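# Examination of the molecular architecture
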Amino acid sequence: MRSLDRLLRPASVAVVGGGAWCTSVIEQSGKIGYGGPVWPVHPTRSEIAGRAAFASLDDLPGVPDAVFIGVNREATLDVVARLSAMDAGGAVCFASGFREMQAETGDGDALQDRLLEAAGAMPIIGPNCYGFINYLDGALLWPDQHGGRRVESGVAILTQSSNIAINLSMQTRGLPIAYLMTVGNQAQLDLAHLGRALLADRRVTALGLHIEGIGELAGFEALAQEARRLGKPIVALKAGKSEQARAAAISHTASLAGSNAGARALLARLGVAQVDGLPALLETLKLLHLAGPLPSNRIVSLSCSGGEASLMADSAVEHDLMFPPLAEAQIAGLRAALGPRVALANPLDYHTFIWGDVDRMRDTFLAMLAGDVAMGCIIVDFPRADRCDPSAWDCVIDAAGAARAEAGKPLALLSTLPETLPEPMIERCLATGLIPLIGLDDGLSAIALAAQLGRAGALPPPILAPGTPGPLRMLPEAEAKRALARFGLSVPASLCPNTPQEAADAAAELGFPVVLKGQGVAHKSEAGLVALNLCDVEAVTAAAARMDSPGFLVETMVAGGLVELLIGVLRDPAHGFVLTLAAGGVLTEVMADSQSLLLPAGKDDILGALTRLRIAPLLAGYRGKPGVDTEAIARAVLAVQAYVIAHAAQLDEIEINPLICGADFAVAADALIRTGDPE
């Protein structure tokens, strides 16, 4: 694929088509101040939007760098083919009716394949997309209104939704947007390819993604690696959180993992900050543009209200942030500025008696920033200018700006409500070097994510690519355990008799107590096919007689278990193999306590995931009870991973539930493997 420079930063633009959408592209080019020629192309019209039109591409005075194609899908194919032959720089294909309409039209796939063939090596964005706006150079292929303005540097935003792109352009939060781009069907250029092209612009500071589907895994990994190399963080909003687990799921793992867990694990693995809403996306990008990733999650907070200080402390509970106790230097500076009447703490209520005294306010803010903290936040809500006089709030901007300049640390003005930090005040904050953050939750989320990005370690090894197995089958439990044992998983001693009498003989051979299981179903407990702690031949014979089963599995009873865990691996075609660690046994559905990683995972990743489980206190030892052997758990997980790596082409799913964990062991009491032959 050739460079996208001509397409994204064009010296000339052509617009093919004469409808309202094409007219808008031409009009918006004028409004944004595009300095190059804009050439309308239409077979019958002499002018469009006040510009002279050309009857065909062959009549243009030069070869266009960027072309907006606003004709129907069939005509789009011919236009793309001609542009490719002319050596044009690239095109945006606006028309719909391609792959996204296959179910309705029956020919969408074929048309999209023909479009790719017509384009050849010429870059195309879309089809079925709005195109892009380059606010740095004042160039666009965009068929609608937008709310942005020219900037000298800023963040790039890529979205798979044209409507969301329009809405983002209307933000009044003080976020400078360098590029705003929609990707449509991603027929040729996907999210990762376009993201790398935007990051290559030295004026772009960070990348925001609204993702509906990741696409090709290796390409997305390459995007993350390039962003890391350039020192430009990525923030993503991933759609699909509400998608239900697979209808055909037969395991607990499938219901716990699903595509959302896979996406979250992928983004976390690659060092991409994930947000849950558009406001948080914008606030995080703004903080990263102005301050970059933070060196720690230690912050200070100031307000002139005890209620706001409490609200700040409560709001931070949901985020990975710390309000460290005040150090001696901070206390000394605060006492000098505030006197003895203020209770000193972090978050700090500095009271209102110094309001309007810029010097004392500056000294207060500066004293708080003197600690071992990454940044500070001042909670401030400005009165509405149409009914009130906000001039009395000038003091906080002046004092905060002076404190920030002297401390050399990021300092945010954080409003509790979006309405109370209007755009004129935001612009004043930015001019003073302050960071305007809107809304406690979104602002704190931005700070926590900036700190998370600042702690990012080395890039992990490439993700283990999932295969595409054919028809699936479930291995019998005994076979699954034998297969996993060959890779180092600890399993109970067992025998596989066929009749109740043989089951009794097998139990006597193994030694009591034993577990008796029927065969042939995934969830044996629900089917009444599990009997535990059988202590003699008679008990085994009676239990086997009650089970409607073609055969049996007799195992040595695992004694001394303290905690039960689930280890699951699910093939996720979009994200790789998702490893799930969860509370196991009867607690799996009740607690829904799980952590997900992508394979391959290192030992430290596994141990870290265990500490994030809600049952982590039980693993460590709780109320006088001993803890479990987490090293043995890690070895069990790594054994399962080794099996997955060896069988990645045909594996669909593995589940160990429960893994019985004791003070010095971790044994798989049940195992499920679903696999097929690779296609």
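Residues numbered from 1 in each chain as written. Predicted model: local features only at pLDDT ≥ 70, side-chain atom pairs only at ≥ 80, totals over all residues. Heavy atoms only, no water.

### Quick look at the layout of surface pockets
Taking a probe equal in size to a water molecule and rolling it over the atoms shows the remaining empty space. Quantified by volume, the largest pocket comes out at close to 1,500 Å³. As for the largest pocket, its lining consists of 44 residues, and the residues nearest its centre are R264, A268, R269, Q452 and R612. For the lining of the largest pocket, the secondary structure elements donating two or more residues are α10 (258-269), β14 (273-275), α17 (440-454), β27 (594-598) and α22 (603-612). Its residues assigned to classes, the lining of the largest pocket comprises 20 nonpolar, twelve polar and twelve charged. (1 Å grid on protein atoms, 1.4 Å probe; cavity = no way out; pocket = protein on both sides within 12 Å on 5 of 7 lines; lining within 4 Å. Points joined across faces, edges and corners; volume = space filled by probe spheres on them. Helix = DSSP H or I, 4+ residues; strand = E, 2+ residues; numbered from the N terminus. Nonpolar A, V, L, I, M, F, W, Y, C, P; charged D, E, K, R; others polar.)

### Some points on helix α3 (residues 73-86)
Taking 1.5 Å of rise per residue, 14 residues should cover 20 Å, and α3 covers 20 Å from first to last C-alpha, within 8% of that figure. Among all positions in α3, only T76, L77, V79, V80, L83 and M86 are buried. Close packing links the buried residues of α3 with β1 (13-16), β5 (66-69), β6 (91-93), α5 (108-119) and β7 (124-125). You can read the cap of α3 off the contacts: a side-chain oxygen lies 3.1 Å from the backbone nitrogen of E74, and it is on N72. D87 occupies a position one or two residues after α3 and carries a positive phi of about 70°. (Expected span 1.5 Å × (residues − 1). Buried < 20%, exposed > 50% of the residue type's maximum accessible area, 1.4 Å probe, protein only. Contact = heavy atoms within 4.5 Å. Polar contact = N/O pair within 3.5 Å; in protein donor to acceptor, adjacent residues only side chain to side chain.)

### Considerations on helix α8 (residues 217-230)
In a regular helix each residue adds 1.5 Å, so 14 residues correspond to 20 Å; α8 covers 20 Å between its end C-alpha atoms and thus fits that length. L217, G219, F220, E221, L223, A224, E226 and A227 are the residues of α8 that are buried. The N-cap of α8, judged by a side-chain oxygen 3.3 Å from the amide nitrogen of A218 a few residues on, is E216. Once α8 finishes, G231 follows within two positions and takes phi at roughly 70°, a positive value.

### Notes on the sheet that holds strand β19 (residues 435-438)
Spatially, five strands are ordered β16-β15-β17-β18-β19 in an open sheet, and the strand pairing comes out parallel. Here the strands that pair on one side only, and so sit at the sheet edges, are β16 (348-349) and β19. Here strand β15 (residues 299-303) runs beside strand β17 (residues 375-379); their pairing, made up of four bridges, is parallel. Looking across to β17, one finds that V300 is bridged to G376. (Pairing = 2+ DSSP bridges.)

### Examining the sheet that holds strand β23 (residues 530-534)
Strands sit in the order β21-β24-β22-β23 across an open sheet of four strands; the sheet is antiparallel. Taken across any chain shown, the strands that pair with only one partner, and hence form the sheet edges, are β21 (494-495) and β23. One ladder, built from two bridges, connects β21 with strand β24 (residues 552-556); its direction is antiparallel. Paired with S494 across the two strands is E555, which belongs to β24. Contacts from helix α18 (residues 477-485) reach β22 (514-518) and β24, with the element oriented near 45° to β24. Across the sheet, helix α19 (residues 500-510) lies against β21, β22 and β24, angled at about 15° from β24, the strand it touches most. (Axes fitted to C-alpha atoms, helices over the stretch in contact; angles between N-to-C directions.)

### A short note on the environment of L209
Mapped onto the elements, L209 comes out in strand β12 (residues 204-211). Through-space distance from the C-alpha of L209 to that of E308 is 33 Å; in sequence the pair is 99 residues apart. L209 has contacts with L158, L191, F220, L223, I234, V235, A236, L237 and L281, leaving out every residue within four places of it along the chain.

### With respect to the packing of helix α14 (residues 358-369) against helix α15 (residues 394-407)
At a closest axis distance of 8 Å, the pairing of α14 and α15 adopts a crossing angle of 40°. As the angle between them shows, α14 and α15 are arranged oblique. α14 and α15 meet at a crossing whose hand is right-handed. Counting all contacts with α14, which are made through V358, M361, R362, F365, L366 and L369, the residues of α15 involved are C395, V396, D398, A399, A400, A402, A403, E406 and A407. Split into classes, the residues belonging to the contact of α14 with α15 amount to twelve nonpolar, no polar and three charged. (Parallel < 35°, antiparallel > 145°, perpendicular 65-115°, else oblique. Left-handed = near helix turned anticlockwise from the far one by under 90°.)

### Thoughts on the nonpolar core
Among the nonpolar cores identified, the biggest contains 105 residues, and I125, I157, L158, L209, F220 and I447 are the most heavily contacted of them. Sort the elements by how many residues they give to this core and α17 lands first, with nine residues. Leaving out residues up to four positions away in the same chain, I125 has contacts with L7, A91, V92, C93, F132, M181, T182, V183, L189 and L194. (Core = buried A, V, L, I, M, F, W, Y, C linked by side-chain atoms within 4.5 Å.)

### A short note on the pairing of β19
Burial along β19 is two-sided: the residues I435 and L437 and P436 and I438 are all buried. As defined by bridge partners, strand β18 (residues 411-415) adjoins β19 across four bridges and the pair is classed as parallel. If you follow S415 over to β19, its bridge partner there is I438. In this view, the connection linking β18 to its parallel neighbour β19 by way of helix α16 (residues 423-431) has right-handed handedness. (Right-handed = clockwise from strand over helix to strand, strands pointing away.)

### Structural notes on the pattern of salt bridges
The final tally for this structure, using the stated rule, is 28 salt bridges. The partner of R73 in a salt bridge is D107, with the nearest N and O atoms 3.1 Å apart. In this pair, R73 sits in helix α3 while D107 sits in the loop between α4 (102-105) and α5, placing the two residues 34 residues apart along the sequence. A relative accessible area of 26% places D107 in the partly exposed class. Where R674 meets D652, a salt bridge forms, and the shortest distance between an N and an O atom there is 3.2 Å. One end of the pair, R674, is in strand β30 (residues 671-678); the other, D652, is in strand β28 (residues 651-661), with 22 residues separating them in the sequence. For the pair R674 and D652, a shared accessibility class is recorded, and that class is buried. (Salt bridge = Lys/Arg side-chain N within 4 Å of Asp/Glu carboxyl O.)

### Considerations on the side chain of Q28
Along the chain, Q28 turns up in helix α2 (residues 20-32). Once you skip the residues sitting within four places of it in the chain, Q28 turns out to touch L140, W142, D144, Q145 and H146.

### Let's talk about the packing of aromatic side chains
A full pass over the atoms with the stated rule returns eight aromatic pairs. Ring centres 6.0 Å apart and planes at 50° place the aromatic pair F94 and Y130 in the tilted group. Residue F94 is located in the loop between β6 and α4, and its partner Y130 is located in the loop between β7 and β8 (132-134); the two are separated by 36 residues in the primary sequence. Both residues of the pair, F94 and Y130, belong to the buried class. With centroids separated by 5.7 Å and ring planes inclined at 75°, the aromatic side chains of Y350 and F365 adopt a geometry described as edge-to-face. Here Y350 is found in the loop between β16 and α14, whereas its partner F365 is found in helix α14, with 15 residues between them in sequence. (Phe/Tyr/Trp six-rings, centres within 6.5 Å; stacked < 30°, edge-to-face > 60°.)

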